[in-house]
Amino acid sequence: MDGAAEPEADTLVKRGAGSGGRARRGNWSGSLIVASLTGAFGSSFLYGYNLSVVNAPAGYIKKFYNETWERRYGFSVDEGTLTLLWSITVSIFAIGGLVGAIIVTPIVKYFGRKCTLLLNNVFAVAAALLMSLSLLAGSFEMLILGRIIMGVDAGISLSALPMYLSEISPKEIRGSLGQVTAIFICIGVFTGQVLGLPEIFGQESRWPFLFGAIIVPSLIQAAILPFLPESPRYLLLEKHNTSKAEKAFQRFLGKDDVSHEIEEVLAESRVQRNTKMVSILQLLRTRAVRWQIVTVVVTMGCYQLCGLNAIWYYTNNIFSESGINHETIPYVTLSTGAVETLAAVFSGLVIERLGRRPLLIGGFGLMIVFFSVLTVSLTLQNSVHWLPYLSIFCILAIIASFCIGPGGIPFVLTGELFQQSQRPAAFMIAGTVNWLSNFAVGLLFPFIQAGLQTYCFLVFAGICFAGATYLFFVLPETKNKTFHEISQAFAKRNKVTLEMQEMKHYPGEKKSSEEQDSNLSSSVDNGETKKGFV
């Protein structure tokens, strides 16, 4: 690649950044809002819902397992086997998620971001039917299989949705739009808690309806999403369809003149002119993104291993150990979902003002404090009558701290730290770490809790400390930066100049500056966008 390409690309980006009102903060069009809400409702909402939905009917499902076992084999299942079956039911969701994260890369490359979200609804509907009919069929295997398939849906959606949202949003609101993923995860958790109340579906005869309800968001997404455009960056950089990309930008930004946005993407296209989509192995071997990969692995690992999913999976047990009355637990649990939702909304409102870095580090820091206090509270609660209330406060504070920063920003960062050609592979790596960590927490937490008892949360405090320390020393701020500028921020840490970085990424045939100008102008003309972008 010619060294002249980089300055020209920088010029385009800087010219756009200084062009005033063409990409104003708060430029939320109707199509952008509908796309983000619809995509999140049929995707991240279902992930959150499936985290909490197994909590309320846990006792009834275990009873169903025991009755099925006794009917088949003539004797009741022993306590250890029942605990293992229940742990598998909870954690197998993450194995399905891992499968989804692995297969999402070729799917989003071939079908695009929007179509991947649409096709993903097939998994959700199939899982809902299996789980909701398991009691009627007398087969707990159907419930476990449904959890695996639902995990596949979640694994695909948690990669495809942030990718879609990061590519349809202007950089000024990219963080806020990316937080829609986290907000809908929280709303999903809260909805699962509400529907699990005894007055609704939290009864022995009604718990299958909790799983049947999954069909509703899937059908709504399948009905609305076809009328919205595909990602304009995907259309322009991967499908080379300038005309459709321009129309998509116009729909999402709510304006006719999208020349600045086309300029910005074409500047990236010029840098990546000889680029093919990068595989996982190629990405891992690329020195120029080494610290970006490590950062994504750390943030995604801490996202799961910080202990919040352990709280969601086993909230009832934790509150029971805190001395809360059994009949009161479902309503106390409801408060956790409400706090999580409010904290996630707050994060979405302030992320573009405060930035990603302070929210991430601050969130992990607060979790360390409250995990430590929770450990002391649980240890001494039998000697002081008011300490169970402090335990509840600490759990709510941990949830709020998580949602303010670590709850949604890792998904935003994964979309921001990599170029277009690297993004699918990066999301696959992030998804793999995410789901392996999720599985580990879901499977091991009951045994960690049994072994360490009230000190189990110190393990999570240590993980939060490690994550916050790493981010403090390594993570640059990405607020309001283009993808090109973020690459520049990491170039020094990766010990490569930006020119070397681009040469390593895109080692195709060199073209002269004049040839590139000619090709770029030609591609714009063919796309019927003749506004003199270059």
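Looking at an unreviewed UniProt entry, one finds the chain named Solute carrier family 2 member 9, with Corvus moneduloides as its source organism.

(A) Highlighting the packing of aromatic side chains. This structure, assessed with the given rule, holds 22 aromatic pairs. For the ring pair Tyr303 and Phe411, a centre distance of 5.3 Å and an interplane angle of 85° mean the geometry is edge-to-face. With Tyr303 in helix H17 (residues 290–305) and Phe411 in helix H23 (residues 409–416), this residue pair connects regions lying 108 residues apart in the sequence. Accessibility expressed as a relative area gives 3% for Phe411, which makes it buried.

(B) Quick look at the packing of helix H9 (residues 140–168) against helix H10 (residues 174–195). Running from N to C, H9 and H10 point in directions that differ by 155°, and their axes come no closer than 8 Å. Judged by the inter-axis angle, H9 sits roughly antiparallel to H10. Note on packing geometry: the crossing formed by H9 with H10 is right-handed. Side by side, H9 and H10 meet where Leu158, Leu161, Pro162, Leu165, Ser166 and Ile168 of the first sit next to Arg174, Leu177, Val180, Thr181 and Ile185 of the second.

(C) Up close: helix H4 (residues 58–73). Over its 16 residues, H4 runs 22 Å from end to end, which matches the ideal 22 Å to within 8%, given 1.5 Å per residue. Residues of H4 that are buried: Ala58, Ile61, Phe64, Tyr65, Thr68 and Trp69. Around the axis of H4, the buried residues are gathered within 130° of arc, so they sit on the same side. Against the buried residues of H4 lie helix H5 (79–111), helix H8 (134–137), H9 and helix H11 (207–212). One or two positions beyond H4, positive phi appears at Gly74, with a value near 85°.

(D) Examining unusual backbone geometry more closely. A positive phi angle, close to 55°, is found at His240, a residue other than glycine. Tracing the chain through its elements places His240 in the loop between helix H13 (232–238) and helix H14 (242–253).

(E) How the structure looks around the nonpolar core. Ranked by size, the top nonpolar core spans 124 residues in total, and within it Tyr47, Tyr65, Leu283, Phe364 and Trp435 carry the most contacts. Per element, the largest residue contribution to this core is 15 residues, and it comes from H9. The residues contacting Trp435, other than those within four sequence positions of it, are Tyr47, Phe93, Ala94, Gly97, Leu98, Ala101, Gly151, Ala154, Gly155 and Leu158. With twelve residues, the next largest nonpolar core counts Tyr234, Leu236, Phe249 and Val258 among its residues.

(F) Inspection of the confidence of the model for the chain at higher detail. In the predicted model, the chain carries a mean pLDDT of 82, and 84% of its residues have values of at least 70. Per-element mean pLDDT across the chain ranges from 39 in helix H1 (residues 5–17) up to 97 in helix H7 (residues 121–132). Confidence drops under pLDDT 50 across residues 1–26; counting only partners more than four residues distant or on other chains, this segment forms 51 contacts. This model gives residues 503–534 a pLDDT under 50, and the stretch forms 61 contacts once residues within four places in sequence are excluded.

(G) Region of the structure containing the state of the cysteines. Applying the stated criterion across every chain yields a total of zero disulfides. With no disulfide partner, Cys306 has as its closest neighbouring cysteine sulfur the one in Cys464, 4.9 Å distant.

(H) Spotlight on helix H20 (residues 329–354). Relative to the 38 Å expected for 26 residues at 1.5 Å per residue, H20 spans 36 Å between its end C-alpha atoms, a close match to the ideal helical length. Gly348 marks the point of greatest bend in H20, at about 35°. The positive-phi residue at the C-terminal boundary of H20 is Gly355, with phi of around 95°.

(I) Fine view of a nonpolar patch on the surface. Side chains of Val34, Val216, Ile220 and Ile224 sit close together on the surface and give an oily, nonpolar patch of about 280 Å² of accessible area. Of all the elements, helix H12 (residues 215–224) adds the most residues to the nonpolar patch, at three residues. Position of Ile224 among the secondary structure elements: in helix H12. Overall, Ile224 belongs to the partly exposed group, its relative accessible area being 32%.

(J) Region of interest: the pattern of salt bridges. Tallying each qualifying case throughout the model produces seven salt bridges. Among the salt bridges present, the one from Arg423 reaches Glu167, with a minimum N-O distance of 3.1 Å. Of the two residues, Arg423 is situated in helix H24 (residues 423–452) and Glu167 in helix H9; the sequence distance between them amounts to 256 residues. Each member of the pair, Arg423 together with Glu167, is buried. With its nearest N and O atoms 3.2 Å apart, the salt bridge here joins Arg356 to Glu352.

(K) Representation of the environment of Leu135 within the structure. Along the polypeptide, Leu135 turns up in helix H8. Those residues within four positions of Leu135 in sequence are excluded, and the remaining contacts are Phe64, Glu204, Trp207 and Pro208.

(L) Highlighting the packing of helix H21 (residues 356–380) against helix H25 (residues 457–474). Packing of H21 against H25 leaves a shortest axis separation of 9 Å and a crossing angle of 160°. Overall, the two elements H21 and H25 adopt an arrangement that is roughly antiparallel. As H21 runs across H25, the sense of the crossing is left-handed. Facing Arg357, Leu360, Ile361, Phe364, Met367, Ile368, Phe371, Ser372, Leu374, Thr375 and Leu378 of H21, the residues of H25 in contact are Phe457, Leu458, Phe460, Ala461, Cys464, Phe465, Ala468, Leu471, Phe472 and Phe473.

Scoring rules and cut-offs
- Residues numbered from 1 in each chain as written.
- Predicted model: local features only at pLDDT ≥ 70, side-chain atom pairs only at ≥ 80, totals over all residues.
- Heavy atoms only, no water.
- Phe/Tyr/Trp six-rings, centres within 6.5 Å; stacked < 30°, edge-to-face > 60°.
- Helix = DSSP H or I, 4+ residues; strand = E, 2+ residues; numbered from the N terminus.
- Buried < 20%, exposed > 50% of the residue type's maximum accessible area, 1.4 Å probe, protein only.
- Axes fitted to C-alpha atoms, helices over the stretch in contact; angles between N-to-C directions.
- Parallel < 35°, antiparallel > 145°, perpendicular 65-115°, else oblique.
- Left-handed = near helix turned anticlockwise from the far one by under 90°.
- Contact = heavy atoms within 4.5 Å.
- Expected span 1.5 Å × (residues − 1).
- Arc of directions from axis to C-beta.
- Core = buried A, V, L, I, M, F, W, Y, C linked by side-chain atoms within 4.5 Å.
- pLDDT = per-residue confidence, 0-100.
- Disulfide = S-S within 2.5 Å.
- Bend = angle between axes of the 7 residues up to and from the residue.
- Patch = residues over 30% accessible without salt bridge, like charges linked within 9 Å, V, L, I, M, F, W, Y side chains within 5 Å.
- Areas by Shrake-Rupley, 256 points an atom, 1.4 Å probe, with all protein chains shown as cover.
- Salt bridge = Lys/Arg side-chain N within 4 Å of Asp/Glu carboxyl O.

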